[in-house]
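# Structural description and commentary
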Amino acid sequence: RKPYPEIAYRAMGPRLKLIVSICIDITQFGVGVVYLLLSAKNIRDFVETFFKRDFSYCYVIIIVAVALLPVTFLKSPQDFWAAVVLAMFTTTLAVILIIVSASMDYEKCSPYQHMPEFSMVNYFL
């Protein structure tokens, strides 16, 4: 269930297993907070733009956190396979929309598009 702490345990013992577990927990918490804040901001901006409703950002964070809370109780990706399928379809839809909108804007944007001169410095940057 927890491969990295197990690797640390077998390599260096129980003390390093605990340290690796703590590091992973802190990292996962930080990533979760960033995604929670980002998704709450995007949802708030979406509602404000398209529905002309002004919700407090703090309330949106709480709503998103409560909506995502049941997912955190699942044990493994096997338990929420439907989310994977939904993500696959929404990603496909996003790619299709990007291609369609880029092709619609091509005529207007292509005169302003230019490629910089090739140089090794630009290549590696």
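Presented here is a report on the structure given in the accompanying data block. Just so we're clear, the structure is a prediction, and the values are computed from it rather than from any experiment. (Residues numbered from 1 in each chain as written. Predicted model: local features only at pLDDT ≥ 70, side-chain atom pairs only at ≥ 80, totals over all residues. Heavy atoms only, no water.)

## As for the overall build of the chain
When helices and strands are counted, the chain shows five helices and zero strands. The principal-axis extents of the C-alpha atoms in the chain amount to approximately 65 × 50 × 30 Å. Out of the 125 residues belonging to the chain, those deemed buried represent 7%. When contacts within the chain are restricted to residue pairs at least 6 apart in sequence, those whose partners lie at least 24 apart make up 21%. Surface accessibility of the chain: about 11,500 Å² in total, with carbon and sulfur atoms responsible for 72%. Counting 11 positive and 9 negative side-chain charges, the chain places the averaged centre of each group 13 Å from the other. (Helix = DSSP H or I, 4+ residues; strand = E, 2+ residues; numbered from the N terminus. Buried < 20%, exposed > 50% of the residue type's maximum accessible area, 1.4 Å probe, protein only. Contact = heavy atoms within 4.5 Å. Areas by Shrake-Rupley, 256 points an atom, 1.4 Å probe, with all protein chains shown as cover. Lys, Arg positive; Asp, Glu negative; His and termini not counted. Charge placed at Lys NZ, Arg CZ, Asp CG, Glu CD.)

## Quick look at helix H3 (residues 57–72)
Given 3.6 residues to a turn, an α-helix orients residues that are three or four positions apart in the same direction. Under the 1.5 Å per step criterion, the end-to-end length of H3 is 22 Å for 16 residues, consistent within 8% with the ideal 22 Å. Those residues of H3 that fall on the buried side of the exposure criterion are Val60, Ile61 and Val64. (Expected span 1.5 Å × (residues − 1).)

## Focus: a positive patch on the surface
Together, Arg1, Lys2, Lys17 and Lys75 make up a region of like positive charge exposed at the surface. When its relative accessible area of 81% is taken as the criterion, arginine 1 is described as exposed. (Patch = residues over 30% accessible without salt bridge, like charges linked within 9 Å, V, L, I, M, F, W, Y side chains within 5 Å. Salt bridge = Lys/Arg side-chain N within 4 Å of Asp/Glu carboxyl O.)

## Examining the pattern of salt bridges
Applying the stated criterion across every chain, the model contains five salt bridges. The salt bridge partner of arginine 10 is glutamate 6, with a shortest N-O separation of 2.9 Å. Here arginine 10 and its partner glutamate 6 are both found in helix H1 (residues 3–12), four residues apart, which amounts to about one turn of the helix. Under the relative-accessibility criterion, arginine 10 is labelled exposed at 68%. When the shortest N-O distance is used, the salt bridge between aspartate 45 and arginine 44 registers 3.8 Å. When salt bridges that share partners are traced, they join Lys41, Arg44, Asp45, Glu48 and Asp54 into one network.

## Some points on helix H2 (residues 14–51)
For H2, built from 38 residues, the straight-helix expectation of 56 Å at 1.5 Å per residue is met to within 8% by its first-to-last C-alpha distance of 54 Å. When H2 is considered as a whole, its buried residues turn out to be Ser21, Ala40 and Val47. Directly after H2, the chain includes lysine 52, whose backbone phi takes a positive value near 50 degrees.

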